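Single-letter residue listing:
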Amino acid sequence: MSAIRALRQLSLPSSRTLASRTAARNVARSALAARVAPVAASRAFSVSARRLGEGTSDVALAQRLGEELKYENEAAAPGEPEFLKAFKESGTWAIEDTPGMDEVTLTRKFGNEDIRLIFSIADLHTETEPEFEEGEEAVEENEESDVPLHSYPIRCSFSFTKATAPGALTIDAMCQEGTFVIDNISYYNDAKVGTELTAEADWKRRGYYLGPQFDTLDISLQDEFDKFLQERGINQTLAYFVPEYSEYKEQKEYVSWLKNVKDFVEA
């Protein structure tokens, strides 16, 4: 289990997950209601259709999936987006993105350090509508707003290891509004325990001291840690890239999901 997944277990499920579970329950209720008083002929036909591996709704579902897939493909901009081209051209971070997986890994070298950042697209769609105090009004659509385009939080897990020294430093943070808000900084004597993405390593990490809450540290110490991160390219530019790439990947995964489900239903 990765560090991001471990963090996700400590929080409430995303709205997307909650919505999908609710939708599934609604479908189950509808299916149950339809079976309360079935007609004998209908039951025979239903059983026969299931035996053939087909259902009466398959054609309509595949058609609707195809329509949605066509719309998404036509709406997609051709080629690689400019923000991604610029990020790659900078040559600072390497992107490790496996199709079908919800986590993205960025890696780089800094001196004798190996730095890794992991974030997940599962944190998308958890943003909430802004609340206004009594007497306040929302900003008009034609007025400029100071709220950044990507204002929702995304969990991030950083790890730092050195070839010339044992141990690993890890940082849990939230990426939001062009900045990384640090939660805690942990140190592990065994670099494998601190960085390996396995269930065994995750189990071992649960027994380690995670370090103090970052915002309880002396302000001057917090400033020095901020400088430490800035020097390693963990800055505003990276904090804006993370949510932008998350949206880009989520869209790619959605299109792939539409195609895979459509092909499965039609098979």
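Residues numbered from 1 in each chain as written. Predicted model: local features only at pLDDT ≥ 70, side-chain atom pairs only at ≥ 80, totals over all residues. Heavy atoms only, no water.

## A few points about the overall build of the protein chain
Argument step 1. Each helix and strand counted, the protein chain has nine helices and six strands in total.
Argument step 2. Here the protein chain holds 267 residues, and the buried ones make up 31% of them.
Argument step 3. Residue pairs in contact within the protein chain that sit at least 24 positions apart in sequence constitute 63% of those at least 6 positions apart.
Argument step 4. Carbon and sulfur atoms provide 55% of the accessible area of the protein chain, an area that totals close to 17,700 Å². (Helix = DSSP H or I, 4+ residues; strand = E, 2+ residues; numbered from the N terminus. Buried < 20%, exposed > 50% of the residue type's maximum accessible area, 1.4 Å probe, protein only. Contact = heavy atoms within 4.5 Å. Areas by Shrake-Rupley, 256 points an atom, 1.4 Å probe, with all protein chains shown as cover.)

## Regarding the environment of V255
Argument step 1. Here V255 shows up in helix α9 (residues 236–266).
Argument step 2. Sequence-wise, V255 and E72 are 183 residues apart; in three dimensions their C-alpha atoms are separated by 6.8 Å.
Argument step 3. With residues near it in sequence (within four places) discarded, V255 still touches L69, E72 and N73.

## Quick look at the pattern of salt bridges
Argument step 1. For the structure on display, the rule yields 16 salt bridges.
Argument step 2. The residue E80 makes a salt bridge to K88 at a minimum N-O spacing of 2.7 Å.
Argument step 3. Judged by its relative accessible area of 29%, E80 is partly exposed.
Argument step 4. Look at the salt bridges and you will find they share partners, linking R64, E67 and E68 into a network. (Salt bridge = Lys/Arg side-chain N within 4 Å of Asp/Glu carboxyl O.)

## What about the nonpolar core?
Argument step 1. Grouped together as the largest cluster of nonpolar side chains are 30 residues, with contacts concentrated most on L106, F119, F158, F180 and L238.
Argument step 2. Looking at this core element by element, the count peaks at five residues for α9.
Argument step 3. The contact partners of F158, leaving out residues within four places of it in the chain, are R116, L117, L169, T170, I171, A173, F180, I234 and L238.
Argument step 4. In terms of nonpolar packing, the next biggest core, distinct from the first, is built from six residues, A62, L65, V255 and V265 among them. (Core = buried A, V, L, I, M, F, W, Y, C linked by side-chain atoms within 4.5 Å.)

## Here's the deal with helix α5 (residues 82–90)
Argument step 1. Among the residues of α5, those classed as buried are F83, L84 and F87. Viewed along the axis of α5, the buried residues span an arc of 95°, placing them on a single side of the element. Across from the buried face of α5, at angles greater than 90 degrees, the exposed residues are E82 and E89.
Argument step 2. Taken together, the buried residues of α5 touch β1 (94–97), β2 (103–110) and α9.
Argument step 3. G91 occupies a position one or two residues after α5 and carries a positive phi of about 70°. (Arc of directions from axis to C-beta.)

## Structural notes on the packing of α5 against α9
Argument step 1. Contact geometry of α5 with α9 gives a least axis separation of 10 Å together with a crossing angle of 130°. In terms of orientation, α5 lies oblique with respect to α9. Seen along the crossing, α5 lies across α9 with a hand that is left-handed. On α9, the residues touching F83, L84 and F87 of α5 are L238, F241, E244, Y245 and Y248.
Argument step 2. Its residues assigned to classes, the contact of α5 with α9 shows seven nonpolar, no polar and one charged. (Axes fitted to C-alpha atoms, helices over the stretch in contact; angles between N-to-C directions. Parallel < 35°, antiparallel > 145°, perpendicular 65-115°, else oblique. Left-handed = near helix turned anticlockwise from the far one by under 90°. Nonpolar A, V, L, I, M, F, W, Y, C, P; charged D, E, K, R; others polar.)

## Remarks on the packing of helix α4 (residues 58–75) against α9
Argument step 1. α9 packs onto α4 with a crossing angle of 155° between their chain directions and a minimal axis gap of 9 Å. Taken together, the axis directions place α4 and α9 in an arrangement best described as roughly antiparallel. Along this stretch, α4 crosses α9, giving a crossing that reads as left-handed. Between α4 and α9, the contacting residues are D58, L61, A62, L65, G66, E68, L69, E72 and N73 on the first element and Q251, Y254, V255, L258, K259, V261, K262, V265 and E266 on the second.
Argument step 2. Residues belonging to the contact of α4 with α9 are distributed by class as follows: nine nonpolar, three polar and six charged.

## Details of unusual backbone geometry
Argument step 1. Even without glycine at this site, E177 takes up a positive phi of about 55°.
Argument step 2. Counting through the fold element by element, E177 comes out in the loop between β5 (165–176) and β6 (179–188).

## Notes on the pairing of β6
Argument step 1. Strand direction decides the pairing type here: β5 and β6, joined by nine bridges, are antiparallel. Looking at the pairing, D172 lines up with N184 of β6.
Argument step 2. Between the end of β5 and the start of β6, which pair antiparallel, lie two residues, with E177 showing a positive phi angle near 55°. (Pairing = 2+ DSSP bridges.)

## A look at the packing of aromatic side chains
Argument step 1. Counted under the stated rule, the structure contains ten aromatic pairs.
Argument step 2. Ring centres of F83 and Y248 lie 6.1 Å apart, and the angle between their planes is 80°; this geometry places the pair in the edge-to-face category. Here F83, found in helix α5, pairs with Y248, found in helix α9; they are 165 residues apart in sequence, far enough to count as distant.
Argument step 3. Judged by centre distance (3.6 Å) and plane angle (5°), the ring pair of F87 and F241 falls under stacked. Separated by 154 residues along the polypeptide, F87 in helix α5 and F241 in helix α9 bring together distant segments of the chain. An identical accessibility class is assigned to F87 and F241; each is buried.
Argument step 4. Ring pairs connect the aromatic residues F83, F87, F241, Y245 and Y248, which therefore count as one cluster.
Argument step 5. The ring of W93 has R108 lying over it, and the distance from NZ or CZ to the ring centre is 5.9 Å.
Argument step 6. Directly above the ring of F228 sits R232, whose terminal nitrogen or CZ lies 3.7 Å from the centroid. (Phe/Tyr/Trp six-rings, centres within 6.5 Å; stacked < 30°, edge-to-face > 60°. Lys NZ or Arg CZ within 6 Å of the ring centre and 35° of its normal.)

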